[in-house]
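A look at the structure
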Amino acid sequence: MTELLEIEGLDVEFPTRRGTVKAARGVGLTVRRGEVLGLVGESGAGKSTIGAAIIDLLEPPGRIAAGRIDFQGESLRGRTEDQMRRIRGDRIGMIFQDPQTSLNPLKTIGEQLVETIRKCLGLNEAAAKARAEKLLEDVGIGEAKARLGAYPHQFSGGMRQRVVIALALAGEPDLIIADEPTTALDVSIQAQILDLIKALCRERDVGVIIVTHDIGVIANIADRVCVMYRGEVVETGDVAQILGAPQHEYTRSLIAAVPRADRRLPRFASVDYIEGGAQAFRRIDVKTHWLGAAAREAAGQGPALSVSGLNLSFTLQRAVLKKNRKHLKAVNEVSFDVAPGETFGIVGESGSGKSTVARIIAGLYKPDSGVVRLMGQDVSSVPSDPKARAARRSLQMIFQDPYSSLNARMRVLDIVAEPIRFFKLAGSEAEVRRIVGDLLDHVGLGAAAARRYPHEFSGGQRQRISIARALASRPRILICDEPTSALDVSVQATILNLLRDLQEELGLTMLFISHDLPVIRQMCDRVAVMRHGTICEIAPAERLFEAPEHEYTRHLIDLMPSMDLLGPAPV
Amino acid sequence: MTSAPDPAEAPPAPHAAGAAPEHQGRMGFFARLMENDVAYSFTRSPTAIIAAAITVLAILACFAAPILAPFDPFDPAQISLWDGKLPPAWTEDGQAQYLLGTDNQGRDMLSTILYGGRLSILVGLTAVALGMTMGVALGVISGYFGGAVDAFVMRVADVQLTIPGILLAILINGIGRAVIPAELRDDFAIYVVILAIGLTDWPQFARVARGATLVEAQKEYVMAARVIGLPSWLIMLRHVLPNVLRPVLVLATIGLALAIIAEATLSFLGQGIPPTTPSLGTLIRVGNEFLFSGLWWITLFPAIALVTLVFAVNLLGDWMRDALNPKLR
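Please read all numbers here as calculations on a predicted model, not as lab measurements.

Attention now moves to the overall build of chain A. Secondary structure summary: chain A contains 21 helices and 20 strands in total. Over its C-alpha trace chain A gives a radius of gyration of 26 Å, about what one expects of a compact globule, namely 25 Å for 571 residues. Overall size of chain A, expressed as C-alpha extent along the three principal axes, is 75 × 60 × 45 Å. Buried positions account for 46% of the 571 residues belonging to chain A. A fraction of 69% describes how many contacts in chain A between residues 6 or more apart in sequence connect residues 24 or more apart.

A count of helical and extended segments in chain B gives 12 helices and zero strands. Start at the N end of chain B and walk to the C end: the helices and strands fall as α-α-α-α-α-α-α-α-α-α-α-α. Considering chain B as a whole, with its 329 residues, one finds that 40% of them fall into the buried category. Long-range pairs, those at least 24 residues apart, make up 69% of the contacts in chain B between residues at least 6 apart in sequence.

Residues and elements named next belong to chain A. A sheet is described by the order of its strands in space; here four strands give the open sequence β2-β1-β4-β5, paired in antiparallel fashion. What marks the edges here is a single partner per strand, and that holds for β2 (19–32) and β5 (74–75). Where strand β1 (residues 3–16) lies against strand β4 (residues 63–71), seven bridges are found, and the strand directions are antiparallel. Opposite I7, over in β4, you have I69 as the bridge partner. Sheet strands touched by helix α1 (residues 47–54): β1, β2 and β4. Its angle to β2, the strand with the most contacts, is close to 70°.

Given a rise of 1.5 Å per residue, 33 residues ought to cover 48 Å, and the 45 Å separating the end C-alpha atoms of helix α8 (residues 185–217) of chain B matches this to within 8%. Remark: the principal bend of α8(B), roughly 35°, maps to B:D201, with a proline, B:P203, within the next four residues.

Residues and elements named next belong to chain A. Most of strand β3 (residues 36–40) sits out of view: five of its five residues are buried. The alternating pattern of β3 places V36, G38 and V40 and L37 and L39 on opposite faces, both of which are buried. Judged from the four bridges that link them, β3 and strand β9 (residues 224–229) form a sheet pairing that is parallel. Bridge pairing links V40 to V227 in β9.

What follows covers the sheet that holds strand β11 (residues 305–317) of chain A. Residue and element names in this part refer to chain A. Overall, antiparallel pairing links the four strands, which are arranged β12-β11-β14-β15 in an open sheet. At either end of the open sheet lies a strand with only one pairing partner, and these are β12 (326–338) and β15 (377–378). Pairing between β11 and β12: nine bridges, direction antiparallel. Pairing of L305 across the sheet is with V338, part of β12.

The next point concerns the packing of helix α15 (residues 412–422) of chain A against helix α16 (residues 429–442) of chain A. Any two packed helices are characterised by the angle at which their axes cross and by the distance between the axes. Residue and element names in this part refer to chain A. Viewed as axis vectors pointing N to C, α15 and α16 meet at an angle of 120°, and their least axial separation amounts to 10 Å. With respect to each other, α15 and α16 are oriented oblique. α16 is crossed by α15, and the crossing has right-handed handedness. Of the residues in α16, those in contact with L413, V416, A417, I420 and R421 of α15 are V432, R433, I435, V436, L439 and L440. In terms of residue class, the contact of α15 with α16 is made up of nine nonpolar, no polar and two charged.

Residue and element names in this part refer to chain A. In this structure, β9 lies alongside strand β10 (residues 232–238), joined through six bridges in antiparallel fashion. Within β10, the position partnered with V227 by the bridge is E235. Counted between consecutive antiparallel strands, the loop separating β9 from β10 contains two residues, among which R230 sits at a positive phi close to 50°.

Here the focus is the confidence of the model for chain B. Detailed conclusions should not be drawn from predicted coordinates in areas where pLDDT is low. All names here are of chain B. Here chain B averages 81 in pLDDT, while 88% of its residues score no lower than 70. Segment residues 1–26 is flagged for pLDDT under 50; beyond a separation of four residues in sequence, or across chains, it makes 36 contacts in the model. Confidence estimates for the predicted assembly give a pTM of 0.81 and an ipTM of 0.81.

Moving on, we come to the nonpolar core. Of all hydrophobic cores here, the largest spans 248 residues; its most connected members are A:A166, A:V208, A:I210, A:I361, A:V416, A:I479 and A:L511. The leading source of residues in this core is helix α10 (residues 232–268) of chain B, at 18 residues.

This part covers the environment of A:I69. Residues and elements named next belong to chain A. Checked against the element boundaries, I69 lands in strand β4. Residue I69 is classed as buried on the basis of its C-beta count, with 20 C-beta atoms lying within 10 Å. Remark: the alpha-carbon pair of I69 and G9, spanning 60 residues in sequence, is separated by 9.0 Å. Those residues within four positions of I69 in sequence are excluded, and the remaining contacts are I7, L10, I54, S75, L76 and R77.

Turning to helix α4 (residues 109–121) of chain A, a few remarks are in order. Think of an α-helix as 3.6 residues a turn; residues three or four steps apart then line up on the same face. Residues and elements named next belong to chain A. With 13 residues, α4 should reach 18 Å at 1.5 Å per residue; the first-to-last C-alpha distance of 18 Å fits that figure. Looking at α4, one finds that the buried residues are I109, G110, Q112, L113, V114, T116 and I117. Contact partners of the buried residues in α4: α2 (81–90), α5 (125–138), α6 (144–147) and α7 (157–169). Immediately beyond the C-terminal end of α4, within one or two residues, lies G122, with a positive phi of roughly 65°.

Residue and element names in this part refer to chain A. Backbone geometry places D56, a non-glycine residue, at a positive phi of 60°. On the secondary structure map, D56 appears in the loop between α1 and β4. Accessibility expressed as a C-beta count within 10 Å gives 19 for D56, which makes it partly exposed. With phi around 45°, E482 is a residue other than glycine that occupies positive phi space.

Looking now at the environment of B:I141. Residues and elements named next belong to chain B. When you line up the elements, I141 lands in helix α5 (residues 109–145). Placed 92 residues apart in sequence, I141 and W233 show a C-alpha to C-alpha distance of 8.8 Å. With sequence-adjacent residues up to four places away left out, I141 is seen in contact with V149 and M236.

Next up on the list: the packing of helix α7 (residues 165–179) of chain B against α10(B). Residues and elements named next belong to chain B. With their axes 11 Å apart at the nearest point, α7 and α10 run at an angle of 60° to one another. As far as their axial angle goes, α10 and α7 are oblique. As α7 packs across α10, the resulting crossing turns out to be right-handed. For the pair α7 and α10, the contacting residues are G165, I166, A169, I170 and N173 in the first and A262, T265 and L266 in the second. A per-class count over the contact of α7 with α10 returns five nonpolar, three polar and no charged.

Conventions and cut-offs
- Residues numbered from 1 in each chain as written.
- Chains lettered and ligands numbered in written order.
- Predicted model: local features only at pLDDT ≥ 70, side-chain atom pairs only at ≥ 80, totals over all residues.
- Helix = DSSP H or I, 4+ residues; strand = E, 2+ residues; numbered from the N terminus.
- Rg over C-alpha atoms; globule rule 2.2 N^0.38 Å.
- Buried ≥ 20, exposed ≤ 12 C-beta atoms within 10 Å, placed from the backbone.
- Contact = placed C-beta atoms within 7 Å.
- Pairing = 2+ DSSP bridges.
- Axes fitted to C-alpha atoms, helices over the stretch in contact; angles between N-to-C directions.
- Expected span 1.5 Å × (residues − 1).
- Bend = angle between axes of the 7 residues up to and from the residue.
- Parallel < 35°, antiparallel > 145°, perpendicular 65-115°, else oblique.
- Left-handed = near helix turned anticlockwise from the far one by under 90°.
- Nonpolar A, V, L, I, M, F, W, Y, C, P; charged D, E, K, R; others polar.
- pLDDT = per-residue confidence, 0-100.
- Core = buried A, V, L, I, M, F, W, Y, C linked by C-beta atoms within 7 Å.

As structure tokens, then:
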């Protein structure tokens with residue numbers, strides 16, 4: 001079989017004012033017809049850069065410094081912009097991450113498809129329309145004829161991504177480059193889209209490059225895999241070999257960091273290949289340490305956190321007349337108890353209301369009805385009650401996005417010290433500084449971090465700062481709202497390990513919100529499954545995964561990317 | 001789990017790609033300043049450098065007027081009516097000691113422009129400071145709390161914005177003058193003008209601050225502060241305010257230029273600062289009366305000074321808007 005695309009010794013540079021950044025160094029890879037090549041790596045690995053370099057769409061000032069890119073035997077380098085534009089439409093199709101921005105919102109799906117088909121294939125209007133209809137059917141959109149007149153906003157995210165795929169296929173390309181095609185989609189839609197791409201690849205005998213950070217996607221769709229790390233391809237091979245028996249040290253640690261869906265591990269294997277600066281977790285003496293003060297207080301009887309009959313509707317459309325108002329029931333009769341020291345998970349797809357529940361419990365939203373009790377104290381009925389305020393202090397929250405959860409204009413010292421200073425949890429300023437240094441040390445950052453500003457830290461390090469800030473209030477209950485979904489997989493593993501260590505050491509009660517079932521399985525004792533604002537099922541984690549009762553739970557578990565290729569879990 | 005090595009024994013791995021460079025505490029102030037993206041963009045923009053140079057020079061010259069100016073236009077002893085209406089020094093009838101000529105009362109034009117410019121800049125700065133403080137405070141509060149407070153504040157702002165700014169300033173100015181007893185009117189004229197311009201300015205600041213607050217209040221660091229249990233005023237002051245200041249500062253720069261113009265307009269209309277303590281606007285008005293008798297220099301030089309100053313400040317504001325907007329970088 002001849003190679004469809006051959007890349008050799010590719011160097012991509014980004015000149016900046018602080019010197020030249022080499023985004024790719026000596027990259028070599030090949031793609032054949034009818035084959036899906038997975039290009040996998042963590043953020044900053046240069047995987048998207050390779051995709052952009054092939055089609056000459058590097059963001060300025062990026063440029064190809066050296067190397068060979070041969071497509072069907074002819075070089076793609078040194079082409080004029082005009083020639084490249086023809087190649088991009090006719091012979092190489094592209095699928096981007098966000099279907100929202102890849103489509104023109106002012107034109108109908110039909111107009112966009114017909115325009116592309118006519119430009120690429122030179123057909124007349126009627127023939128192009130017929131082809132557009134056929135394409136929509138091929139990508140699994142029913143009633144294609146009627147849908148051609150629809151605008152992008154009338155489609156759901158998954159449907160839009162199907163349209164983007166149809167657009168990529170419009171010019172009958174020989175190669176498709178898909179950059180994180182399913183990252184913005186829910187798991188159930190992700191599986192469908194991946195199946196579609198794989199089927200199209202086989203049927204049309206085209207080559208596909210899938211750029212992704214997600215090992216699950218790779219396991220499901222790729223035939224061969226290129227693993228990238230810091231601009232270099234560290235390992236290339238068959239998907240079964242890469243996932244099952246990785247050779248390179250980086251690949252091994254990457255695979256070890258992937259949360260397993262098939263069984264629960266006591267903790268993630270050591271994976272600090274990326275977050276190398278983090279120190280090992282050292283136990284503290286809870287009996288004497290500042291952090292332990294709250295843990296030493298007599299633990300009350302009954303559940304640490306109790307929620308009963310929560311309801312909350314958001315107004316979608318205001319109107320003077322009641323019948324014209326539109327509401328969305330975001331949370332519907334949600335009730336559950338969390339025992340002290342337990343990790344309770346809430347899992348669901350986007351829009352299921354899981355984050356809304358967390359925010360109601362944290363006091364950020366006021367429920368329409370229902371009661372939230374922390375340590376037996378009602379905190380939702382009269383929020384200004386001093387007793388309720390005191391109880392609230394025993395609850396802290398860790399947020400999803402480490403880039404927006406820290407105030408960029410404050411030093412780390414002031415961020416972490418804020419609750420200590422405000423609630424006067426320490427005697428003197430010197431003591432405050434000592435405690436902050438201690439906390440930063442404890443979350444694996446080192447006390448020296450206190451002098452610096454948040455922008456000087458990576459995502460995982462910022463999440464550690466968030467954890468230190470949450471601990472500074474000496475909480476008994478910790479809400480983690482998708483704490484690792486914005487992080488790379490190896491960083492995720494270290495953060496999850498840290499959360500587990502802290503919980504065990506301080507006896508924290510944890511409410512863990514995630515859309516990621518494998519992560520839930522690794523972290524939680526009991527799990528609630530949410531859909532459309534209601535709880536479908538609450539069960540101990542192991543039972544939920546081994547013997548799900550609710551239909552929707554079974555559906556979710558079936559959709560999890562298969563990890564069979566990963567080989568048996570370490571014991 | 002015995003197979004996993006202790007993280008402490010793992011070899012030190014390289015840092016995450018894309019992480020910010022390590023900043024050393026030893027780095028000098030200037031070096032740190034140059035690391036800053038805004039400072040970098042400044043050194044790359046000739047327009048910004050020239051505009052900043054003109055602005056700084058003008059401000060310095062005006063505030064150093066008592067030292068730089070050859071005469072003191074407020075000192076009756078130095079004014080001689082015999083020297084009135086003299087043309088600039090380079091013309092036929094000009095005298096060397098009066099570089100830009102003299103006005104109808106025999107005051108040296110250069111000195112009056114320097115002193116007048118000082119007053120114009122001072123009025124502009126304080127008026128903008130007043131409008132900004134008021135507007136930002138109201139904007140942040142209405143953006144943070146929303147609901148009825150927001151609706152009330154923003155409707156008041158909307159109503160005020162339907163009235164042309166200069167008319168409103170004249171109105172406030174008129175009311176202010178009417179309230180003050182006649183004998184004190186001239187002494188308080190400056191403060192009334194500042195108040196009039198400041199009160200006209202605030203809705204712009206309130207709108208910008210409110211918009212930025214709406215975005216910031218949804219961010220997770222504000223939620224984190226709320227979960228910690230900090231009171232609203234502290235969250236607004238410590239977390240929201242510093243993060244909404246960027247667009248406000250841009251507006252303040254452009255607002256400074258507008259305030260200087262507003263002051264000049266008020267004075268030109270005879271509503272502002274009395275001719276005994278002239279500002280640029282007053283000078284232009286006085287000169288205007290003599291323009292058609294051929295005494296062009298009395299109005300031209302203050303006008304050039306005003307236009308140059310406003311133009312430079314505006315250019316600076318434009319550059320700042322682009323430099324501080326991450327989308328345009």
